[in-house]
Amino acid sequence: MDKATIKEKVEAMISAPSCCAELKTAGERYLKAIGTPEEKDEAKKLLDEIKMDVCTIDQVIELFTSAKGEELFGKEQAAAIASHAKEVKANGGVYCDCPACAPGVELMDAAADILK
């Protein structure tokens, strides 16, 4: 993955409503570090944060089929997301496909390019 695409993926990930605060901060720090001596260090931190925050599809299903998921998102929204997640899993998906996790997975897969 080239640097322009990496930058686009990071920007998409951190602008997603589903992106957590820690991942957003790591992404912003990485973007500011591009082209500087700190880039590689910030890239490592970003990848570490992505690995902690990107959810597996099983984690998504577990949350949205739980009482906590219903409490946080409402019964209908939780059921809809759980249904979608089950469909993703049935089609072979391993990770959440939300607007934050999907580019995060792509970035994890391109870790070698990011660390160049």
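It should be noted that the structure appears before, not after, this text.
Cut-offs and rules
- Residues numbered from 1 in each chain as written.
- Predicted model: local features only at pLDDT ≥ 70, side-chain atom pairs only at ≥ 80, totals over all residues.
- Heavy atoms only, no water.
- Helix = DSSP H or I, 4+ residues; strand = E, 2+ residues; numbered from the N terminus.
- Expected span 1.5 Å × (residues − 1).
- Buried < 20%, exposed > 50% of the residue type's maximum accessible area, 1.4 Å probe, protein only.
- Arc of directions from axis to C-beta.
- Core = buried A, V, L, I, M, F, W, Y, C linked by side-chain atoms within 4.5 Å.
- Contact = heavy atoms within 4.5 Å.
- 1 Å grid on protein atoms, 1.4 Å probe; cavity = no way out; pocket = protein on both sides within 12 Å on 5 of 7 lines; lining within 4 Å.
- Points joined across faces, edges and corners; volume = space filled by probe spheres on them.
- Nonpolar A, V, L, I, M, F, W, Y, C, P; charged D, E, K, R; others polar.
- Axes fitted to C-alpha atoms, helices over the stretch in contact; angles between N-to-C directions.
- Parallel < 35°, antiparallel > 145°, perpendicular 65-115°, else oblique.
- Left-handed = near helix turned anticlockwise from the far one by under 90°.
- Patch = residues over 30% accessible without salt bridge, like charges linked within 9 Å, V, L, I, M, F, W, Y side chains within 5 Å.
- Areas by Shrake-Rupley, 256 points an atom, 1.4 Å probe, with all protein chains shown as cover.
- Salt bridge = Lys/Arg side-chain N within 4 Å of Asp/Glu carboxyl O.

J.: Just checking my understanding: could you explain helix H1 (residues 3–15) for this structure?
T.: For the α-helix, the turn length of 3.6 residues means that residues three or four positions removed from each other point alike. Here H1 is 13 residues long and its end C-alpha atoms lie 18 Å apart, about the 18 Å a rise of 1.5 Å per residue gives. Taken together, the buried positions of H1 are Ile 6, Val 10, Met 13 and Ile 14. For H1, the arc enclosing every buried residue in end-on projection is 90°, short of the 170-degree limit, so these residues lie on one face. More than 90 degrees from the buried face of H1, the exposed residues found are Glu 8 and Ser 15.

J.: Honestly, the nonpolar core in this entry has me stumped. Any pointers?
T.: Generally speaking, a soluble globular protein has its nonpolar side chains buried in company with each other. Of all hydrophobic cores here, the largest spans 31 residues; its most connected members are Val 10, Met 13, Tyr 30, Leu 46, Ile 50, Leu 107 and Ile 114. Secondary structure elements with two or more residues in this core: H1, helix H2 (21–33), helix H3 (39–53), helix H4 (57–64), helix H6 (75–90), helix H7 (101–109) and helix H8 (111–114). Excluding its chain neighbours within four sequence positions, the residues that come into contact with Leu 107 are Met 1, Ile 6, Lys 9, Val 10, Met 13, Leu 47, Ile 50 and Ile 114.

J.: Just to check I follow, could you spell out the layout of surface pockets for this structure?
T.: If you add up the space inside the largest pocket, you get close to 410 Å³. In terms of lining, the largest pocket is formed by 22 residues, of which the most central are Ser 18, Phe 64, Cys 96, Cys 98 and Cys 101. Broken down by element, the lining of the largest pocket gets its largest block of residues, 5 residues, from H4. A per-class count over the lining of the largest pocket returns 17 nonpolar, 3 polar and 2 charged.

J.: Is there a simple way to think about the packing of H3 against H7 in this case?
T.: Packed helices, taken two at a time, are described by their axes: the angle between them and the distance between them. For the pair H3 and H7, interaxial distance at closest approach is 10 Å and the crossing angle is 130°. Judged on the interaxial angle alone, H7 and H3 are oblique. The way H3 lies across H7 gives a crossing that is left-handed. Along the contact surface, H3 presents Leu 47, Ile 50, Lys 51 and Asp 53, while H7 presents Cys 101, Gly 104, Leu 107 and Met 108. When grouped by side-chain class, the residues that make up the contact of H3 with H7 number 5 nonpolar, 1 polar and 2 charged.

J.: So what exactly am I meant to see when it comes to a nonpolar patch on the surface here?
T.: Residues Leu 63, Leu 72 and Phe 73 make up a contiguous nonpolar surface patch of about 250 Å² in total accessible area. Tracing the chain through its elements places Leu 72 in helix H5 (residues 67–73).

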